Amino acid sequence: QVQLVESGGGLVQAGGSLRLSCAASGRTFSSYGMGWFRQAPGKEREFVAAISRSGGSTYYADSVKGRFTISRDNAKNTVYLQMNSLKPEDTAVYYCAAAARSLYTTTAAYDYWGQGTQVTVSS
């Protein structure tokens, strides 16, 4: 069982930056691939970024590639999402998730989810 708690969301102007954190409970954090997803009002939850168990491999949605960076610190049981050059279309609730394998991009592949953190980008 893994419990995930996101933090770091907020309101930011277009072009600004935010760093999201996701703290995981349990001793087996390093055995999970981690991902970030987002869901805007009226839209389906979509993949944003994923990172392998060791942190050595990452994968991004085309819409965020070059602007967002996913990383993890297994000693702190935490995964991060650094978001730069934010756009109004990045506005959504952002969720972190844990999967038994790495670098999945579909919601069905993830076993555990956090409660989400709101990111709002004003124009």
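Residues numbered from 1 in each chain as written. Predicted model: local features only at pLDDT ≥ 70, side-chain atom pairs only at ≥ 80, totals over all residues. Heavy atoms only, no water.

Caption draft 1: The arrangement of the pairing of strand 5 (residues 46-51) in detail. Strand 5 sits mainly inside the fold: five of its six residues count as buried. Relative to strand 5, strand 4 (residues 33-39) is paired through five bridges, and the arrangement is antiparallel. The residue of strand 5 that forms the bridge with R38 is E46. Hairpin connection between strand 4 and strand 5: a loop of six residues separates the two successive antiparallel strands, and G42 in this loop has a positive phi of roughly 80 degrees. Taken together, the three bridges between strand 5 and strand 6 (residues 58-60) define a ladder with antiparallel strand orientation. Bridged to I51 within strand 6 is T58. The hairpin formed by strand 5 and strand 6 contains six residues between the paired strands, and G55 there has a positive phi angle of roughly 90 degrees. (Buried < 20%, exposed > 50% of the residue type's maximum accessible area, 1.4 Å probe, protein only. Helix = DSSP H or I, 4+ residues; strand = E, 2+ residues; numbered from the N terminus. Pairing = 2+ DSSP bridges.)

Caption draft 2: Examining the nonpolar core more closely. By size, the foremost hydrophobic cluster in this structure holds 36 residues, and its most contacted members are M34, W36, V79, L81, M83 and Y94. Looking at this core, the elements that each hand over two or more residues are strand 3 (18-24), strand 4, strand 5, strand 7 (68-73), strand 8 (78-83), strand 9 (92-99) and strand 11 (117-122). Sorting elements by how many residues they give to this core places strand 9 first, with six residues. Discounting residues that sit within four places of it in the chain, M34 has contacts with L4, C22, F29, A49, A50, I51, I70, R72, V79, A97, A98 and Y110. (Core = buried A, V, L, I, M, F, W, Y, C linked by side-chain atoms within 4.5 Å. Contact = heavy atoms within 4.5 Å.)

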